[in-house]
Amino acid sequence: MCVDPVPRLDWSSVTVYSDNAAGRLHELISAFSRIASQQLMAYTWAAVLGMSVDDGPEFLRRLALVFSLPGEIEREILKVSPGEFDGDLAMRWSVRMLQELEPAALLNNLSSAHVVGRFDKASLNSLEYCSYVLHEHRPQRVFPGSELERIRLLIAELETAVRGAQGLDPDLCEFLLFHAEAMAQALRDLPLRGPAALEDAFDQALGAARRRADLSARGENRSTSRKFGELIVAVAAVLQITTAGLTLPGQIRQELEGPAPAAPPVVKIVVQQPDVPAPAALAPDEHPNGARAAAATGDPQG
């Protein structure tokens, strides 16, 4: 008798997990289906993303991240041993959904209500199962909300410090604001990209700080360098990178750690030797070796 190595799935017990691309796509499509209307697809996707189509390039950038999720799902599912899951069920959703998750779909001038029929329950169940498989075998890190809120606060503090700094070097000002916005964008992209969004922004900021170490030494205002360093350290902590593993430019590290402690004073201990009078010269007959000395000199009285 042939036994299916993959256990039958009880749909009542399956949960959509956001720690993988399949779970994130499921949540996005579910939101799209809830608000589908006679409006064009682009307007519905903009509402799902909390944006407006008038946001132009930024809207298209984030929509491209949505459309890239199927490819990420396929790459991740291929890394799971085939004997661990039902491959047909895990990817069955793609048969009906992929056509509507491509840029060309926006050019068809179809309403979201017309398209939502392809996001049927069977396809969503398949995507839900795919999310379960990836959760079990390829989970991605999920960041605590409190730590993300701290990063948002540090970004706001850095932007305020830079804009309020007097005499700040223009190149340094541009550098800090660029990476502050990149970090903020990474936080907004977490529901679409997962931890890769924050990892990429961190790598970019740290690499740029090393490459332009000269910038942190410019100007008299050091608080901006400290704020930038605090942001880098906070993101590193969320990514589980130890502070000891960070190679920050010298000026930024100095601002974080504070001035080096003063060297302890050197104490010299001088030991006074007591005055001892020199011994008086001894007469030959008093010298313990007087006889030998006399013999050596030929003195008969020796």
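Every residue gets a number counted from 1 within its own chain, in the order that chain's sequence is written. For this predicted model, a pLDDT threshold of at least 70 governs which residues receive local features, and a threshold of 80 or more governs which side-chain atom pairs are given and counted, while totals over whole chains, interfaces and linings are taken from all residues. Working from all heavy atoms in the structure, the side-chain values ignore hydrogens and water.

A. Spatial organisation of the overall build of the protein. Secondary structure elements are defined from DSSP: runs of H or I of at least 4 residues count as helices, runs of E of at least 2 residues count as strands, and each element is numbered from the N terminus. Along its length, the protein carries 15 helices and zero strands. Residues classed as buried in the protein amount to 38% of the 302 residues present. Within the protein, counting contacts between residues at least 6 apart in sequence, those at least 24 apart form 72% of the total. Burial classes: relative accessible area under 20% of the type maximum marks a residue as buried, over 50% as exposed, and values in between as partly exposed (1.4 Å probe, protein chains only). Residues are treated as being in contact if the distance between any of their heavy atoms lies within 4.5 Å.

B. Looking closely at the packing of helix H9 (residues 145-164) against helix H13 (residues 223-238). Lines fitted to C-alpha atoms define the axes here, with helix axes fitted over just the stretch in contact, and angles between the N-to-C directions of these axes take values from 0 to 180 degrees. Between H9 and H13, the shortest axis-to-axis distance is 9 Å and the interhelical angle comes to 165 degrees. Taken together, H9 and H13 sit at an angle that is classed as roughly antiparallel. Considering how the two elements wind past one another, H9 and H13 form a crossing that is left-handed. Here Glu-147, Arg-150, Ile-151, Leu-154, Ile-155, Glu-157, Leu-158, Ala-161 and Val-162 of H9 come into contact with H13, specifically with Thr-224, Lys-227, Phe-228, Glu-230, Leu-231, Ala-234, Val-235 and Val-238. Side-chain classes follow a simple rule in which Ala, Val, Leu, Ile, Met, Phe, Trp, Tyr, Cys and Pro form the nonpolar group, Asp, Glu, Lys and Arg form the charged group, and the remainder, Gly included, forms the polar group. In terms of residue class, the contact of H9 with H13 is built from 11 nonpolar, one polar and five charged. The scheme is simple: roughly parallel for angles under 35 degrees, roughly antiparallel for over 145, roughly perpendicular for 65 to 115, oblique for anything else. The handedness criterion is simple: a crossing whose near helix is rotated anticlockwise from the far helix by less than a right angle is left-handed, and one whose near helix is rotated clockwise is right-handed.

C. Main features of the confidence of the model for the protein. A residue's pLDDT is simply how confident the predictor is in it, with values from 0 to 100. In the predicted model, the protein carries a mean pLDDT of 82, and 74% of its residues have values of at least 70. A low-confidence stretch, residues 1-13 (pLDDT under 50), is modelled with 12 contacts involving residues beyond four sequence positions or located in other chains.

D. Expanded view of the environment of Ser-111. Considering the arrangement of structural elements, one finds Ser-111 in the loop between helix H6 (93-97) and helix H7 (112-115). Since its relative accessible area comes to 14%, Ser-111 is described here as buried. The residues contacting Ser-111, other than those within four sequence positions of it, are Ser-37, Gln-38, Gln-39, Leu-40 and Met-41.

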